[in-house]
Amino acid sequence: MAPTTRAARNTTSFKTVPNGGGVFRKPIRKQHSNGKGAWKFNDTDDHHNHEDQDQDVRESVEVHHDEPFQQLDGAGDMDEMDGVEEALRPLRETADRVGREVEAFAVSFDEFLIELRTRGNNYSAARDLAQTYKAFADNEVADLQKTHQKERILQLRKEWRQRAQLSANTAQSGAKASRGGVVSEMKAEKVQELREWQQESDTWDLFCIVLDFWYDRDARRRERDGNLANLAPPHRYTPEKELWERFLLENEIALEHHLYKEWLERTADHQESDIDGIMEELEALSGSGKGLWNRGWLNSRERIKGEKRVRSWPSPSDSVQPQIRTSAGNDMLVTNLDPDAPMRQNRALEQPDKYFERAMWIACWEMLRRGKPWAEIAAWCEDHNEGFRAAMLSPALESADALSNAAWRKMCYLASESGCSNDHEAAVYGLLGGNIKAVQKVCRTVDDHLFAHYSCMLVRQFDQYLQTRYPGRVASFAAQRSEGDDIPDTEEKAQQAISQVIKRLRTDPATHSEAISPLKIIECYLLANDAESLAANVGTGISDLDSLRGGKEEAVIRMREAPSELPAEAAIVADSHALRIVTHIYCILTAIDPSEQPDSISLTAEENVLAAYIQTIRTVCKRDHIPVYAFRLRHLRSILVMSRALQDIHDSRDQQEMLRLMAQYGLPVVFILKEQLRYTLASKADMSNLVAQPVQIVETCEISQLSPGQRIIEDFSRGDLTDDDMMIVRSLKWLQLLRGHWELTFKSLAHALRTCLLTGRLACAGAIVHDFPSETIAEQKSFSTLGKNVNVLDQSIAPEDENSDEALEWNMMRQQARAYYELEQLVHAISALALWVEQERVFTSDPRNGDLSAPSMLRNAKEELDETMAPLLTGVLLQADDEEDQHYLDKLRIAYLPELLIAYSIALYTAGITISRESYIESMDLSVAIASEGNGVADAFVAAGRMRELVKIFAQTSKMMLIMNNRPLKKGLKTGKSLGIWEIAPQGSDAGVVATPDDS
């Protein structure tokens, strides 16, 4: 993969550069930092990596050495700068982090695409890529755990304590939860980042399961058949554990549930507080510390012993039992200490013992939730003197020699429905017996509810499997369940069942906020086997979000009218983890099976996701990776998205690299470049409200020896290049760097130059002509057509044989470049006129120069003006490619030719008194040239309604000629002409005329 694009620049200052004698401005780039958000991106702004910031500052100081350096006085200014730096640090860290993620994922995806062409198994390659992404997330987790694991543990314990709602059930009034310190805001952000990375790692793990189960089904079924063949045939003495293995192999729906259940168990270990942390929380809340687990029902036992000392005590079988109240005085105390005494007697334990009982069941539940082996849970109970609990939990599925545990599961189911001491006891029995209603009472998170669904569904599926295949092992199964919902026997029913669970979790106030969090949305789509519609729904959400914002993102296509409420999927675009995951899941699925094509509406929505992710890439300045994703788009969408992305790239080397990458990925380079130019001109040079005279060059004044009633405005062309102007110039640089494409390049240059002139952007027009001179472009572009670099526009080197194929080729190329060449001449004339008025005002504004000879700079300006004005009189801007082109060329001729030639006639009038009387004769020659047929100049004056204005200037020039004719010349005029031919009155009428230096 190509290296990341270097930092770009967008702040500009300007210096004057010569351009045919003009005073247009060329930009000097300086750099600055510019941070932007993940989801909005402004095409006029530029972004760069923060690694270049120090270099940017140095370059800025070097370029602007003429600006005074402002010394920071006092500690206050330094403290303020430190505060700004401190405030910007999180933004920079975020940009750096997202940029690193973007680059790593793009490089891996690019390698995956290459591997697809050489590897036989697309699904295996896809799984390897998902594992690569998971490994990247795991590395991020490991790095963050080195410095923030302690804070993470504290945060997870705090959340568990809040969800468990144990604060009101402490064993002693003074017992408090463990604190462990307060996590600062900055550390809390890092902890949140750590947890997001862990959740992303788990999401990629889940995606691997989905790929294996749903997409590589042929390989999985071959493996299943092999495993089934290795199993011994079942018989009446086959242990239930072997039947369980056979059940998972034969029932694909059950296998899916089992895989998802195991995944949820792993995520609980990753994303929730660990068992040790939960134990410590329970110990802290009890007030007994470590002694909590070995005390049993100590308080109730001591109370009963005390009562036995002062009264006779009946046997447990007696119908009348002592009436003893608990220490709190609210309930009747149990009189026996066997495990089922509270339920059988409908009496209570002492408050500390009640808490101990609940804590034990919470511990059992949390271990089951995390997938701890049954043997480990039973051993834990034995170690804490709770042997009866170990006995109840021991008949588990892992029992190698048990023939059937169906009766035990039925017992657990019935126990969960009867009067358990607390909800967690009922949940444990419900989990073992398949009673989902009992389990749901202790579920606090979305994953808890999903775990309950899959676990209970598995138990019920297995019992149904046993009843169907081995009825002797399960008696009267139908009477053992009270739920009304059916056990899914098809993939469609299983998908509907989990979809209903997810829908319920989204609407339940207790789980709503978590269920609509970005990463949890992705998880639910994968669990529901709906990964293919994930990108489409997210893309629709992005469209809705953009609609509510006013449709500012052109790269996002609106799918429908803006809804009153955004779908939950719209939040994904604002989460860098979630958007990246959705984008790559979509890219992977479409890459491994390109034949699967959704309908046009869904495809448009899916492409909104790619467009949004490309915007993220633009934001973090990893633009070299954009083509990897852009080529996944359809033709028109790729043109749209890439043309916007090119706006960010300014450096020529970066532009050349991007052209190479676009060609490498098969993107339509020519169409992209044409669209980026169209978009730039449409957004930066609005032609919707063109005025008849976009630039005013002359203004009225009093008649004098220097002015014939009008004068050239001194600063008509002054003006710095704006950011929009620079954007237009940069958009043309792409075409210059593009190899070949003579006609496209010259037509694009002509279009841009014409647009700038029609909208009065003289500074931009001058910059275009300066940066892209026609002779240079001709030499660069001619090689692809002629096989050599030559200036085709130079008639002096044209082929001698006018009928040869080469000559015909030259003529066609000159015709294609004619529009830009003639517009370039027009700009040169404007530039020369600007230089002339600048030099002329410097000379004539000083009265002491009246008797001095015109300086060489003024004479040179006059010569350049004559040279650049001459082509305008030969017939320019007359040939158009189509009606639209002709329309705009006519507007240009009417707007500029009269204005320029009137200004030229004024310049000749002034030159007659400042340089030489010969300028008056040149003015008369100008009138003849304007009136000539075929050049269309007179038609432009008539169309502009300015012929009378021109005639007045010529009349005043004629009058000035007659006045100046009274002054004798030491030398004749250079052309051999005489002012006497214009004489119509007796000589001697001159009064008070200042003689010019050349006329003395």
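Bear in mind that the values here come from a model prediction, so they are computed numbers and not experimental data.

> Hey, could you run me through the overall build of the protein in this one?
Of regular secondary structure, the protein possesses 38 helices and four strands. Counting across all 1000 residues of the protein, residues that qualify as buried make up 52%. In the protein, of all internal contacts separated by at least 6 residues, the share reaching a separation of at least 24 is 73%. Of the roughly 45100 Å² of accessible surface on the protein, 50% is carried by carbon and sulfur atoms.

> What should I look at first to understand helix α4 (residues 185-215) in this one?
The α-helix advances 3.6 residues per turn, and as a result positions three or four apart in sequence lie on the same side. Between the first and last C-alpha of α4 there are 43 Å, a value that for 31 residues agrees with the 45 Å anticipated at 1.5 Å per step. With 22 of 31 residues buried, α4 is to be regarded as a mostly interior element.

> Looking at this structure, how should I read the side chain of Gln 615?
In this structure, Gln 615 sits in helix α23 (residues 600-619). Classification of Gln 615 as buried rests on a relative accessible area of 6%. A polar contact is formed between the side chain of Gln 615 and the side chain of Arg 618, at a distance of 2.9 Å.

> I tried to follow the pattern of salt bridges on my own but got confused; where do I start?
Scanning the model with the defined rule gives 55 salt bridges in all. Its salt-bridge partner being Glu 200, residue Arg 580 comes within 2.5 Å of it at the nearest N-O pair. Here Glu 200 lies in helix α4 and Arg 580 lies in helix α22 (residues 576-592), a separation of 380 residues in the sequence. Across the pair, exposure class does not vary: Arg 580 and Glu 200 are buried alike.

> How should I be thinking about unusual backbone geometry in this particular structure?
Apart from glycine, the bulk of residues carry a negative phi angle, and the bulk of peptide bonds sit in the trans form. Look at Asn 529: it is not a glycine, yet its phi comes out positive at around 55 degrees. Of note, Leu 877 is a non-glycine position whose phi angle comes to about 60 degrees, a positive value. Among the secondary structure elements, Leu 877 is positioned in the loop between α34 (856-869) and α35 (883-914).

> Teacher, can you tell me more about the pairing of strand β4 (residues 708-712) here?
Two faces make up the sheet, and in a regular strand the side chains alternate between them. Within β4, four of the five residues are buried, leaving the element largely enclosed by the surrounding structure. Two elements, strand β3 (residues 698-703) and β4, share four bridges in a ladder whose sense is antiparallel. Looking at the pairing, Glu 699 lines up with Arg 711 of β4. Two successive antiparallel strands, β3 and β4, enclose a turn made up of four residues.

> I'm lost on the confidence of the model for the protein in this one. Help?
In this model, the protein carries an average pLDDT of 81, and 82% of its residues clear a pLDDT of 70 or more. Here strand β1 (residues 11-16) stands out as the least confident element of the protein, with mean pLDDT 34; helix α20 (residues 518-527) is the most confident, with 96. Across residues 1-76 the pLDDT falls below 50, and counting only partners more than four positions away or on other chains, this stretch makes 187 contacts in the model. A low-confidence stretch, residues 978-1000 stays under pLDDT 50, and its non-local contacts, those more than four residues away or across chains, total 48 contacts.

> It is not clear to me how the environment of His 828 should be interpreted in this structure. Could you clarify?
Counting through the fold element by element, His 828 comes out in helix α33 (residues 805-844). His 828 sits 58 residues away from His 770 along the chain, and the two C-alpha atoms are 9.6 Å apart.

> Any chance you could explain the nonpolar core here in plain terms?
Judged by nonpolar contacts, the single largest core of 231 residues is most densely connected at Tyr 629, Phe 716, Leu 757 and Ile 768. Looking at which element gives the most residues to this core, the answer is α35, with 17 residues. Contact partners of Leu 757, with chain neighbours within four places excluded, come to Pro 694, Leu 762, Ala 765, Leu 823, Leu 826, Val 827, Ile 830, Leu 892 and Tyr 896. In this structure, Leu 243, Ala 406, Phe 462 and Tyr 465 belong to the second largest nonpolar core, which totals 12 residues.

> Help me understand the packing of helix α29 (residues 742-758) against α33, please; the structure alone is not making it clear to me.
With their axes 9 Å apart at the nearest point, α29 and α33 run at an angle of 30 degrees to one another. One finds that α29 runs roughly parallel with respect to α33. As for the relative orientation of α29 and α33, their crossing is left-handed in sense. Counted together, Trp 742, Glu 743, Phe 746, Leu 749, Ala 750, Leu 753, Arg 754 and Leu 757 of α29 and Met 813, Gln 816, Ala 817, Ala 819, Tyr 820, Leu 823, Glu 824, Leu 826, Val 827 and Ile 830 of α33 form the full contact between these two elements. Here the contact of α29 with α33 is built from residues that sort into 14 nonpolar, one polar and three charged.

> Before we go on, may I ask you to explain α33 in this structure?
Its 40 residues place the ends of α33 55 Å apart at the C-alpha level, agreeing with the 58 Å of an ideal helix rising 1.5 Å per residue. Where α33 bends most, at Arg 818, the angle is about 50 degrees.

> What's the story with the packing of aromatic side chains in this structure? I'm lost.
The relation between two aromatic rings is expressed through the spacing of the ring centres and the mutual angle of the planes. Following the criterion strictly, the structure yields 24 aromatic pairs and no others. Their ring planes at 65 degrees and their centres at 5.6 Å tell us that Phe 136 and Trp 197 sit as a pair that is edge-to-face. Of the two residues, Phe 136 is situated in helix α3 (residues 122-164) and Trp 197 in helix α4; the sequence distance between them amounts to 61 residues. On the numbers, 4.9 Å between centres and 80 degrees between planes, the contact of Phe 213 with Trp 214 is edge-to-face. Both residues of the pair, Phe 213 and Trp 214, count as buried. Feature note: the residues Phe 105, Tyr 133, Phe 136, Trp 197, Trp 204 and Phe 207 constitute an aromatic cluster, connected by ring pairs. It is Arg 644 that lies over the ring of Tyr 679; its NZ or CZ is 3.7 Å from the centre.

> How should I be thinking about the side chain of His 453 in this particular structure?
Take His 453: it is sitting in helix α17 (residues 446-469). The exposure class of His 453 is buried, given its relative accessible area of 5%. Sequence-distant contacts of His 453, defined by excluding residues within four places in its chain, comprise Ile 436, Ala 497, Ile 498 and Val 501.

> Just to check I follow, could you spell out the environment of Phe 671 for this structure?
Following the sequence through the fold, Phe 671 ends up in helix α27 (residues 669-684). Judged by relative accessible area, which is 47%, Phe 671 ranks as partly exposed. Separated by 36 residues in sequence, Phe 671 and His 635 place their C-alpha atoms 9.6 Å apart. Setting aside residues up to four positions removed in sequence, Phe 671 forms contacts with His 635 and Ile 639.

Calculation notes
Residues numbered from 1 in each chain as written. Predicted model: local features only at pLDDT ≥ 70, side-chain atom pairs only at ≥ 80, totals over all residues. Heavy atoms only, no water. Helix = DSSP H or I, 4+ residues; strand = E, 2+ residues; numbered from the N terminus. Buried < 20%, exposed > 50% of the residue type's maximum accessible area, 1.4 Å probe, protein only. Contact = heavy atoms within 4.5 Å. Areas by Shrake-Rupley, 256 points an atom, 1.4 Å probe, with all protein chains shown as cover. Expected span 1.5 Å × (residues − 1). Polar contact = N/O pair within 3.5 Å; in protein donor to acceptor, adjacent residues only side chain to side chain. Salt bridge = Lys/Arg side-chain N within 4 Å of Asp/Glu carboxyl O. Pairing = 2+ DSSP bridges. pLDDT = per-residue confidence, 0-100. Core = buried A, V, L, I, M, F, W, Y, C linked by side-chain atoms within 4.5 Å. Axes fitted to C-alpha atoms, helices over the stretch in contact; angles between N-to-C directions. Parallel < 35°, antiparallel > 145°, perpendicular 65-115°, else oblique. Left-handed = near helix turned anticlockwise from the far one by under 90°. Nonpolar A, V, L, I, M, F, W, Y, C, P; charged D, E, K, R; others polar. Bend = angle between axes of the 7 residues up to and from the residue. Phe/Tyr/Trp six-rings, centres within 6.5 Å; stacked < 30°, edge-to-face > 60°. Lys NZ or Arg CZ within 6 Å of the ring centre and 35° of its normal.

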